[in-house]
Amino acid sequence: MSLVRAVGVRKSFGHTEVLRGVDLIVDAGQVVCLLGPSGAGKSTFLRCVNHLETIDAGRIWVDGEPVGFTSRGGKLHELREREVARQRRGVGMVFQRFNLFPHRTAVENVAEGPVHVLRTARKEAVARARALLDRVGLADKADAYPHQLSGGQQQRVAIARALAMRPKLMLFDEPTSALDPELVGEVLEVMADLARDGMTMIVVTHEIGFARQVADSVVFMVDGAVVETGPPGQVLDNPRQQRTQQFLAKVL
Ligand code: ADP
Ligand code: MG
């Protein structure tokens, strides 16, 4: 079953069309790596999946529900704010910048959402936050403040924070691009772990090695459109399109 289905997604900013009919399918439990040059529209697409942008045409479904809409009596109606919030909660997002609360410890950062949004009892939320920090290899940093953590550790806290909301889908937008090279591996390892656990993920990345090892499929995007899609072995090692070949020649 497809957990994400995007059909003909269009989005303009002013007179510039940055998504020009994007189609994309992600099956439940699968990892899709979204590759492409800067300005291709990768971030915009992720933002549309997560209600951070509204689309001008086409449709995106997550877990069978049209993003931003509900169907009643065979018609689509725009969702009210509360319902939008409910849909958004089902999708975790990790950005290039971690944006942790600076005056809260790692465990407080992770427990925050469950306590305030899901109304989980604090004790329970904190216990689960500690378990999640353990899962990302940071059991011993639970009581540290963000400034006491490396970039890689902060990003792992950000992943734990997203997981705390029990998302059915995780979106990653260049999660390792802001990291020093020696810290990239620990974050990719946590993501690979998540993938092995069956999390459905869309990952925008330039880490070709990660895409090759972890992705079920690779989607290559240029100028607001999907140019090529397929298993990593095909798209990365045997690309059919010239644009894909040119891009790979630069990043590999
Ligand atoms: P990518 O993530 O692939 O680098 P983006 O989705 O960030 O690409 O951007 C695609 C295009 O849309 C770029 O030309 C960018 O300048 C433009 N863009 C993105 N967000 C906005 C915005 N809020 N307003 C105007 N233009 C935007
Ligand atoms: Mg981007």
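In this text the structure is predicted, and so the values were computed from the model without any measurement.

Description of the confidence of the model for the protein chain
Averaged over every residue, the pLDDT of the protein chain is 95; the share at 70 or more is 100%. Interface confidence in the predicted complex, given as ipTM, is 0.98; pTM for the same model is 0.96.

Some words on helix α4 (residues 122–135)
For α4, spanning 14 residues, the distance from its first C-alpha to its last is 20 Å, which sits close to the expected 20 Å at 1.5 Å a residue. Every buried residue belonging to α4 is among A125, A129, L132 and L133, and all of these are buried. Buried positions in α4, seen along its axis, are confined to an arc of 100° and lie on one side of it. The outward face of α4, more than 90 degrees from its buried face, is lined by the exposed residues K123 and E124. Each element contacted by the buried residues of α4 is listed here: α3 (106–116) and α5 (151–163). Phi turns positive, to about 80°, at G137, one or two residues after α4.

Comments concerning the sheet that holds strand β2 (residues 16–27)
Spatially, four strands are ordered β2-β1-β4-β5 in an open sheet, and the strand pairing comes out antiparallel. Since the sheet does not close on itself, it has two edges, and those belong to β2 and β5 (65–66), each with one partner. Where strand β1 (residues 2–13) lies against β2, nine bridges are found, and the strand directions are antiparallel. Each bridged residue has a counterpart across the sheet, and for V9 the counterpart in β2 is V22. Set on the sheet, helix α1 (residues 42–49) makes contact with β1, β2 and β4 (57–62); between it and β1 the angle comes to about 120°.

As for the pairing of strand β6 (residues 69–72)
For β6 and strand β7 (residues 75–78), the ladder comprises four bridges, and the chain directions are antiparallel. Across the sheet, the residue bridging to R72 is K75, located in β7. Between β6 and β7, which pair antiparallel one after the other, the connecting turn spans two residues, and G73 there sits at a positive phi close to 55°.

Describing the pairing of strand β8 (residues 91–94)
Residues V91 and M93 of β8 are buried on one face, and the alternating residues G92 and V94, pointing to the opposite face, are buried as well. Note: β8 against strand β9 (residues 169–173), four bridges, orientation parallel. Note on β9: the bridge partner recorded for V94 is F172.

With respect to the environment of T44
Positionally, T44 belongs in helix α1. In this structure the C-alpha to C-alpha distance between T44 and E108, which are 64 residues apart in sequence, comes to 30 Å. Beyond its immediate sequence surroundings of up to four residues, T44 is in contact with K11, V18, L19 and E53.

What about unusual backbone geometry?
Its identity is not glycine, yet N99 carries a phi of approximately 50°, on the positive side. Take N99: it is sitting in the loop between β8 and α3. Not every positive phi belongs to a glycine, and R119 is a case in point at roughly 60°. The topology assignment puts R119 in the loop between α3 and α4.

About the cut-offs
Residues numbered from 1 in each chain as written. Chains lettered and ligands numbered in written order. Predicted model: local features only at pLDDT ≥ 70, side-chain atom pairs only at ≥ 80, totals over all residues. pLDDT = per-residue confidence, 0-100. Helix = DSSP H or I, 4+ residues; strand = E, 2+ residues; numbered from the N terminus. Expected span 1.5 Å × (residues − 1). Buried ≥ 20, exposed ≤ 12 C-beta atoms within 10 Å, placed from the backbone. Arc of directions from axis to C-beta. Contact = placed C-beta atoms within 7 Å. Pairing = 2+ DSSP bridges. Axes fitted to C-alpha atoms, helices over the stretch in contact; angles between N-to-C directions.

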